[in-house]
Every structure is written in structure tokens, then in C-alpha cells.
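# Survey of secondary and tertiary structure
Letter by letter, the chains look like this.
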Amino acid sequence: MRRAAVLGTGQTHHRTRRTDVSMAGLCREAIDRALADAGVGWEQIDAVVLGKAPDLFEGVMMPELFLASALGAAGKPLLRVHTAGSVGGATAIVATSLVRAGAHRRVLAVAFEKQSESNAMWALSIQPPFSAPITAGAGGYFAPHIRSYIRRFGVPGHIGALVAVKDRRNGALNPYAHLRQPEITRESVQASTMLWDPIRYDETCPSSDGACAVVIGDQQAAEASERQVAWIRATSMRTEPTFYAGKDHVNPRAGATAAAALWAAAGIKDPLDEVDVAELYVPFSWFEPMWLENVGFVGQGQGWKLVESGETALGGALPVNPSGGVLCSNPIGASGLLRFAEAAMQVMGRAGEHQVAGASTALGHAYGGGSQFFSMWVVGRNP
Amino acid sequence: MNGTAESRVAVIGFAAADVSVTTSGVETLAPVFEAALGQAGLERREIDFWCSGSSDYLAGRAFSFVNAVDAIGAVPPIAESHVEMDAAWALYEAYIKILAGEASTALVYGFGKGTAGDPARVLALQLDPYTVAPLWPDSISVAALQARLGIDAGLFSERDLAAVAAGREEASCVETLLDRPYLRMPLREHDVARVADGASAVVLAAADRVGGRRAAWISGIGHRVDPQGFGERDLTAVPSASAAAVDAGGLDGVQVAALHAPFTHQELLLRRALGLPDAVRTVAFGADAMFSAGLSRIGAAAGEVMAGRASVAAAHATAGPLLQQNLVCVLTAEVAA
């Protein structure tokens, strides 16, 4: 199989409302940083892949069409991916396939969400005839799964707060993060308002405007790069239905299957030992231990112990979400690509104050829908 | 891009429906999958990669593609992806997955219930949300601007447009059509493709999985997008279609073309942009089943090849206002050397 690598990444400053820029301006802020980071000019980009979550989040049907010029796609091939919350990851994976197929030398993957343009709760609350409603409000949907996780394994009640403190403090090291809370403590998290038992306000992702961009190149482009690239060692996507007899929202089969395929393709036998840093899609703090188990870093019921031991903090055996993760910035359509980009930044040694020392193998992970769409990649300092 | 001898992909199955029971697509897609897989001679579990195209704005809800997964039976989990585009672009993604060696077989599907709303008004929301969409120009009025420019440039007349329509519908004559009133001057009702519900599915396979099956080989696919601003291009030219045809390896030798033209004048603009000689036959489509229409063109062109009616066929898909985004796929009876 042909090799592909991340040549550079870029992202916006994430905020509740980026009223200082249009959708085009938001995307360009991320793209311009990615091109500069990659040392690549517009003329070297052969194709563009745009990902974002539902069009109703901005109120524009297929916004990549009016954004074509701003994305630098005019006159070029442009694809628009939408795979729910996993879309940011899927966007990077489609761009990777374009390079691996030999279709293009350099592809720009862009993902954004400008939630302040519309009203996400309205967009999620429409109940068309003949169709089951999507339960509006992700917290209300996912809280029972977390309760099930706690009950199944007898998990202590403070684990979610430990994750929230770690991620918000990590976010304080990330100049682009939406929420930066260096003073946050376990006590302050536990004193925050209960939203959907057991999820408290401080254990919940924000609603953000933001964008992320990644330049992916083939082997020749990677070898021509003057800076360290992140070699894409493997990608994986899996889907299962929202509901079916035997569905396990605590440990979804699609996530476990995607991870198993990923590790096999990357030649990784012991993920906890061989992976140096992981960016997991954790919109509610409790999902960190659940995903640690689902992707196979530890066995069932062991994820919370890894969290409690402090090994997922910066300096631990497996730092998780050094960027601050989805808990600190959540421009939904871009959230998955931000995970993938941070994984690349870590192995390229360009993660600034949230750099994991010596990181050479990193996981990027995203999920969406009713814990049913999963996308992942492993990137490395070496091919 | 072009398929090479060692990385060849073929269409081995196609099915379509001209109904859509609900906006979720499930009830419509299940029998379409069965028919397409039946033609391909593959079982559901033999599909390595599934990819779909649909639109939340057509369905009038967020995450409209999610329920469609229920038509697949994705337990145990499957490798799957979705584009918020006509499914012709989903086919391109699946084609790329096969070329990249990440899959050997793929099922691509598109679906839409265009009649659930008023697409001419909904499509206004594809336009620049800061400067154009607030004026809410419906898609037929926007297309009429393009038709007027074509007429003023001497590229075609209203009679030529009526002739295109007469060719699509049996038993309609140009004179009768021209007697009808304007819908949006210079467009009459016959110039606007009727919006229809629909779904379709295409099965793809890599060369080593085609075996002795009937197949239409993809010799090339290209797709490009033009800037959207109405003043940013000559609206009577379609540079993205012309470039896509070149990317697909050119249309020399094509005997039949399945064009996705939501308006009669756009079929004429496309023939010009693609350089199709008059002798090239077109496959007639009575209606525009949005978001499966482009994929169905590929399926129909493949059908022409598989039935032996053509040795080289071209399919085209369009998206966006005024033929902004275009895809061209060339299919052949013989494997390219």
C-alpha cells in the first residue's frame, strides 16, 4: 500500500461565538495555519475534503458549495463528508485514501462547525413525520450509558471529576482551547450543577465555533518536507445501527471492531505499551474510561483504574487528551479532526506546552451518532 | 483519475426505485439492495465497504442518513461512510477505497424524498448565506438567468430547449410545448425536470472479484467544482464539467451518455462543455430523483455497456446551482490495457 503522511495541521481559536469571522473566514483561519505548518502553497493542493456535522447546525445546505473558493477548491475536486460526530476523523481518512489510491499528491482536509450561526438544539429537535425523533441533547442520551458503566463495574463516583480536572488543566496549556481552566479542582467539579445524572456541568463539553485543517501528502511529498511529518500507519472506520438487539452502548461493537482492525493494520500488539499518547473523543468526562476499554488499551472494567492511577495525565504511561480534548473545545464537525490533528502534532513534536515528551506513536479517535460511527487513525514519527 | 491495468474497478450491479416511502429511506433501500446484490451475485456480507449520499435538507431533519443504515443490517459492524452529496460522489469515494486496496467490493447507495418539501425553495439555502440566500431566490429562477444568458449568447433558442424536452417525453411535439406559458421566463414547465422520490444502488468490485460476472469497467472518473458566485464564471460555460471529462480520460469513443441535467438548457450546455458530438445518444430520464440521480446515471451507463448496446459509455452527475459541481465517469466493456 502507498504511504501517506500528515505534512501540517492548523486550527482556529475556538470560542462560543466567533462573530469576528464568517464561515469562510473561520475555515481560512485553520487552513492558512495548516498550509504554513506544512510549508505548502495553495498551488500544491490537488483536492479538498470538507467535513462537518448536520447542515442544519449553520442553516446552510451543503455549505462547501458557497465556500468552494474560500477553501481553495475552485477548479479542483471537492468532497463533502458527513458521518455524524465521527465526521472529522472520517474527513481525514477519506483524504488519506485519496493519497493512498494514488489519485493525488497533496490533499487538504478541512472540518468546521459554526454553531452560533444557527441553533443546534433546534436542528436536533425537528420531528419529521414517519420517523423516530433523535432525543435532543446529547447529555440526556448518553447519561444512562454512563450509569450503566458505573453499575456494571462498581466504579467510584469521582472518576468523572478526575477526567474533567485533567482535561481542563491540559486545555489551559493549549492556546487554541475554548475552555482554559488552570484553577479547576476535583472539589469544584463536584460542586458544579448536576445536568444529567451523573454528568455535572464541569464534566460536559462546551458548544464551540471552530475549524481544523490538515494537509496530507504522499511519500514523495512527505520526503520533500523540511519538517518532521506524521506518518499515517493505519486508519479504520466502523458502523453499527443506533439500536439493535444486543447493542451495548457501554462497549459498542463498532468501536471495538474498528480498534481491533486499526491495531492489526498498524502492527500494534500491545496498544498500552506501544502507543505514547491518545486523543479520544470524550464529550462527557466519563467516556475516557469507557473508551480506554472499548479500544483495547485495558480490559473491561479496568479503564477507571487507569484514570484513577493518574497514568492518563501528562507525564503518565498513556497521556489522554493532552490538548484538553472535546471537554475543552467542541466545534462538533471539527472535533474529530482536532483529535486526529493533535495526534499528528504530538508525533511531529509540535504540540507546544501540551507536548508529550518523546511521543512517537499516537492514536486519534472519534465517534458519532448513538455510539455507532467510529473513525480512528494511528500516526507515527516513523512510517 | 484513470484506472490502470493493475487497479481496475467495475460496476457489477445496479438497481433503482422511483419511490421513497419515508425520508429515512429504509423501506425503499432494502429491496434496492437486494436487487443490486442479486445482479452482482454477491451476498450482503461479501461487501467490504458501504458508502451513501443523501441530504439532510431534502429530508428536513438532521442526521437523516443515520436511519438508512438500518436497511443494511450492520450487525456485526461494517466499514461505512457517507457524503452529503449526490451518491455519484459516494461512488467515487468507494472507487478510491478499492484503488487504495482498502476494499475489494463496495455497495454505493443514494436516496431522497424530494417531494416531501419544496426543493426549488430549499435549494436557495445552497447559496451564500450572507449575501444571496436571504433574498431566497428559488432554484428555477436562478436557472432561468443561465438559460437567458445562453439564449442571448446565441448558443440555443427556446425551440432548442423544447426539442430537448420533446426528446425526453414520448408523444410531445415542439410546437405544442412552445405554446405553453412560461414558468420563469425563458423556462417553461417542460424545461424543468420533475422532482421525484427515488433511491438507487451500484455494486463495485475490484478486478480479482469480478470473476465471470457481467461488468462495466470504470476507465476513469473525474470531478471538479467551480466557484459559486454568479459573477465568478461565464455561466454559459461549465469549466468543472470540461475538466472532469479530461480527468476521466476524455470522452473520445463514447457512444452513449447519461447526463444529469435538471433543466433542458443545462443538457445543451453540458453537451457543449463535454464536447459530445450530436451522434452520441443520451439515456433519457423522466425525472430528477435528487441525491440518487447522479448515481443512477452511472448505473444506467453501466447498464448500456453490460447489455452490449455500447462499448464505451459516459455518465455525468451535477450538484449545486447552475451546474457548479460536476462528475464524469467513463465505462467500457473491455478492461483498459
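A brief structural summary. (Residues numbered from 1 in each chain as written. Chains lettered and ligands numbered in written order. Predicted model: local features only at pLDDT ≥ 70, side-chain atom pairs only at ≥ 80, totals over all residues. Heavy atoms only, no water.)

The next subject is the overall build of chain A. The helix and strand tally for chain A stands at 12 helices and 11 strands. Since a compact globule built from 383 residues should have a radius of gyration of about 21 Å, the 19 Å found for chain A is in line with a globular shape. By principal-axis analysis of the C-alpha atoms, chain A measures approximately 55 × 50 × 45 Å. Out of the 383 residues in chain A, the part that is buried amounts to 66%. Distance between charge centres in chain A, computed from 33 positive and 34 negative side chains, equals 3 Å. (Helix = DSSP H or I, 4+ residues; strand = E, 2+ residues; numbered from the N terminus. Rg over C-alpha atoms; globule rule 2.2 N^0.38 Å. Buried < 20%, exposed > 50% of the residue type's maximum accessible area, 1.4 Å probe, protein only. Lys, Arg positive; Asp, Glu negative; His and termini not counted. Charge placed at Lys NZ, Arg CZ, Asp CG, Glu CD.)

Let us look at the nonpolar core. Formed by 183 residues in total, the largest nonpolar core has its most connected members in Leu363(A), Tyr109(B), Leu204(B), Ile218(B) and Leu331(B). Take this core: its biggest share by element is 11 residues, from helix α4 (residues 87–99) of chain B. Each of two domains, domain 1 (9–117 + 195–210) and domain 3 (216–332) of chain B, supplies a minimum of three residues to this core. Not counting residues up to four positions away in its chain, the partners in contact with Ile218(B) are Val9(B), Ala10(B), Val11(B), Leu91(B), Tyr95(B), Leu204(B), Cys329(B), Val330(B) and Leu331(B). Counting residues in each nonpolar core, the second largest holds 35 residues, with Leu7(A), Val40(A), Leu71(A) and Val225(B) among its members. (Core = buried A, V, L, I, M, F, W, Y, C linked by side-chain atoms within 4.5 Å. Domains from an automatic or database assignment. Contact = heavy atoms within 4.5 Å.)

Tallying the contact residues gives 58 residues for chain A and 54 residues for chain B. For the pair chain A and chain B, the summed buried surface comes to about 4900 Å²; carbon and sulfur atoms form 65% of the total. Of all elements in the fold, only β3 (78–81), α2 (87–100), α3 (120–125), β8 (230–239) and α8 (253–266) of chain A reach the threshold of two or more residues within the side of chain A that touches chain B. Among the elements that make up the side of chain A that touches chain B, the one with the highest residue count is α2(A) (five residues). (Buried area = accessible area lost by both parts, 1.4 Å probe.)

Our focus in this paragraph is unusual backbone geometry. Residues apart from glycine generally show negative phi values, whereas peptide bonds are mostly found in trans. In this structure, the amide linkage connecting Asp197(A) to the following residue, Pro198(A), adopts the cis form with an omega of 10°. Its place among the elements puts Pro198(A) in the loop between β5 (194–196) and β6 (199–200). Put simply, Val75(B) and Pro76(B) share a cis peptide bond, and its omega is -5°. Inspection of the secondary structure puts Pro76(B) in the loop between α3 (64–68) and β3 (80–83). Phi at Phe63(B) takes a positive value of approximately 60°, unusual for a residue other than glycine. By the element assignment, Phe63(B) lies in the loop between α2 (56–59) and α3. One non-glycine residue, Trp136(B), lies in positive phi territory at about 50°. With respect to the secondary-structure elements, Trp136(B) resides in the loop between α5 (119–122) and α6 (139–152).

Bringing the layout of surface pockets into the picture now. Residues and elements named next belong to chain B. Approximately 530 Å³ is the volume found for the second largest pocket. Lining the second largest pocket are 31 residues, with Leu123, Ser139, Pro262, Asp288 and Met290 positioned closest to its centre. Looking at the lining of the second largest pocket, the element that brings in the most residues is α6, giving four residues. Its residues assigned to classes, the lining of the second largest pocket comprises 21 nonpolar, six polar and four charged. Of the domains in this structure, domain 2 (119–191) and domain 3 (216–332) are the two that each give at least three residues to the lining of the second largest pocket. (1 Å grid on protein atoms, 1.4 Å probe; cavity = no way out; pocket = protein on both sides within 12 Å on 5 of 7 lines; lining within 4 Å. Points joined across faces, edges and corners; volume = space filled by probe spheres on them. Nonpolar A, V, L, I, M, F, W, Y, C, P; charged D, E, K, R; others polar.)

Residue and element names in this part refer to chain A. With nine of nine residues buried, strand β4 (residues 106–114) lies mostly within the body of the structure. A two-sided burial pattern is seen for β4, the buried positions comprising Arg106, Leu108, Val110, Phe112 and Lys114 on one face and Val107, Ala109, Ala111 and Glu113 on the other. With five bridges joining them, strand β2 (residues 47–51) and β4 adopt parallel strand pairing. Following the sheet pairing, Val49 is matched in β4 by Ala109. As judged from the nine bridges shared by β4 and strand β7 (residues 209–218), these two strands associate in the antiparallel manner. The residue of β7 that forms the bridge with Val107 is Ile216. (Pairing = 2+ DSSP bridges.)

A word on helix α10 (residues 239–247) of chain B. Residue and element names in this part refer to chain B. The set of residues buried in α10 consists of Ser240, Ala241, Ala244 and Ala245. Down the axis of α10, the buried set is contained in an arc of 140°. They therefore lie on one face. Looking one or two places after α10, you find Gly249, whose phi comes out positive at around 100°. (Arc of directions from axis to C-beta.)

Here we take up the environment of Arg169(A). All names here are of chain A. Position of Arg169 relative to the elements: it lies in helix α5 (residues 159–171). Linking Arg169 and Arg180, residues 11 residues apart in sequence, is a C-alpha distance of 6.9 Å. Ignoring any residue separated from it by four or fewer positions in sequence, one finds Arg169 in contact with Gln181, Pro182, Ile184 and Thr185.

Residue and element names in this part refer to chain A. For α5, which comprises 13 residues, the first-to-last C-alpha distance of 19 Å matches the rise-based estimate of 18 Å (1.5 Å per residue) to within 8%. Judged by how many residues are buried, α5 sits mostly within the fold: 11 of 13 residues are covered. All of the buried residues in α5 are Ile159, Gly160, Ala161, Val163, Ala164, Val165, Lys166, Asp167, Arg168, Asn170 and Gly171. Where the residues of α5 are buried, they touch α6 (186–191), α10 (287–294) and α11 (303–308). (Expected span 1.5 Å × (residues − 1).)

Another aspect to go through is the packing of helix α4 (residues 138–153) of chain A against α10(A). Residue and element names in this part refer to chain A. The geometry of α4 relative to α10 is characterised by a closest axis approach of 10 Å and an angle of 70° between their N-to-C directions. Relative to α10, the element α4 is oriented roughly perpendicular. Note on packing geometry: the crossing formed by α4 with α10 is left-handed. Contact with α4, carried on its side by Phe142, His145, Ile146, Tyr149 and Phe153, involves Phe287, Pro289, Met290 and Glu293 of α10 and no other residues of that element. When its residues are assigned to classes, the contact of α4 with α10 shows seven nonpolar, one polar and one charged. (Axes fitted to C-alpha atoms, helices over the stretch in contact; angles between N-to-C directions. Parallel < 35°, antiparallel > 145°, perpendicular 65-115°, else oblique. Left-handed = near helix turned anticlockwise from the far one by under 90°.)

All names here are of chain B. Evaluation of the coordinates by the stated rule reveals 28 salt bridges over all chains. The closest approach of N and O atoms between Lys113 and Asp197, which form a salt bridge, is 3.3 Å. Taken together, the positions of Lys113 in strand β4 (residues 105–113) and Asp197 in strand β7 (residues 194–206) put the pair 84 residues apart, joining distant regions of the chain. Grouping residues by exposure puts Lys113 and Asp197 together as buried. Its salt-bridge partner being Arg184, residue Asp138 comes within 3.4 Å of it at the nearest N-O pair. In this pair, Asp138 is assigned in the loop between α5 and α6 and Arg184 in strand β5 (residues 182–184), connecting sequence segments 46 residues apart. Look at Asp138 and you get buried, because its relative accessible area is 13%. (Salt bridge = Lys/Arg side-chain N within 4 Å of Asp/Glu carboxyl O.)

Here we come to empty space enclosed by the protein. Residue and element names in this part refer to chain A. One pass over the full model with this rule turns up four cavities of 30 Å³ or more. Size it by volume and the largest cavity reaches roughly 70 Å³. Forming the walls of the largest cavity are Gln11, His14, Asn174, Ser323, Gly324, Gly325, Ser329, Leu338, Arg339 and Glu342. Residue classes in the lining of the largest cavity are distributed as one nonpolar, seven polar and two charged.

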